[in-house]
Amino acid sequence: MPYVHIQVTDEGVSKEQKADLIKGATDLLVDVLNKDPATTFVVIEEVKMEDWGVGGLPVQEYRAQLTRS
């Protein structure tokens, strides 16, 4: 039984966007792994943005550097 765990930052992801993520992940499992969609589990977890890092920097600082360049 395939299980997909998607994490998104808490930056205002709408219910519609979450539904699209679930549909896309399910379609991928069906198309690539030939799985029955009824047997797939997709979990979307919202995480605090400050818990993320890119290139050794907190996400907020990394984004600030990108906008300054």
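Above this note sits the structure.
This text gives an overview of the structure that appears in the document.

Cut-offs applied
Residues numbered from 1 in each chain as written. Predicted model: local features only at pLDDT ≥ 70, side-chain atom pairs only at ≥ 80, totals over all residues. Heavy atoms only, no water. Helix = DSSP H or I, 4+ residues; strand = E, 2+ residues; numbered from the N terminus. Rg over C-alpha atoms; globule rule 2.2 N^0.38 Å. Buried < 20%, exposed > 50% of the residue type's maximum accessible area, 1.4 Å probe, protein only. Contact = heavy atoms within 4.5 Å. Areas by Shrake-Rupley, 256 points an atom, 1.4 Å probe, with all protein chains shown as cover. Lys, Arg positive; Asp, Glu negative; His and termini not counted. Charge placed at Lys NZ, Arg CZ, Asp CG, Glu CD. Pairing = 2+ DSSP bridges.

Within the protein one finds two helices and four strands. Counting from the amino terminus, helix and strand elements in the protein follow one another as β-α-β-β-β-α. Expected size for 69 residues packed as a compact globule is a radius of gyration near 11 Å; at 16 Å, the protein overshoots this value by more than 25%. Within the protein, the proportion of its 69 residues that are buried is 17%. Looking at the protein alone, contacts between residues at least 24 apart form 63% of all its contacts between residues at least 6 apart. For the protein, the computed accessible surface area is about 5,200 Å², with 55% contributed by carbon and sulfur atoms. Each charge sign in the protein was given a centre, from 7 positive and 12 negative side chains, and these centres are 1 Å apart.

Our next topic: the environment of Arg63. Within the secondary structure, Arg63 sits in helix α2 (residues 59–68). Residue Arg63 is classed as partly exposed on the basis of its relative accessible area, which comes to 37%. Sequence spacing of Arg63 and Lys48 is 15 residues, and the spatial spacing of their C-alpha atoms is 15 Å. Not counting chain neighbours up to four residues away, the residues in contact with Arg63 comprise Glu11 and Met49.

The pairing of strand β1 (residues 3–9) with strand β2 (residues 41–47) spans seven bridges and is parallel. Directly across from His5, in β2, lies its bridge partner Val43.

Looking at where Leu21 falls in the secondary structure, it is placed in helix α1 (residues 15–33). Here Leu21 falls in the partly exposed class, since its relative accessible area comes to 32%. What Leu21 contacts, discounting residues up to four positions off in sequence, is Ile6, Val8 and Ile44.

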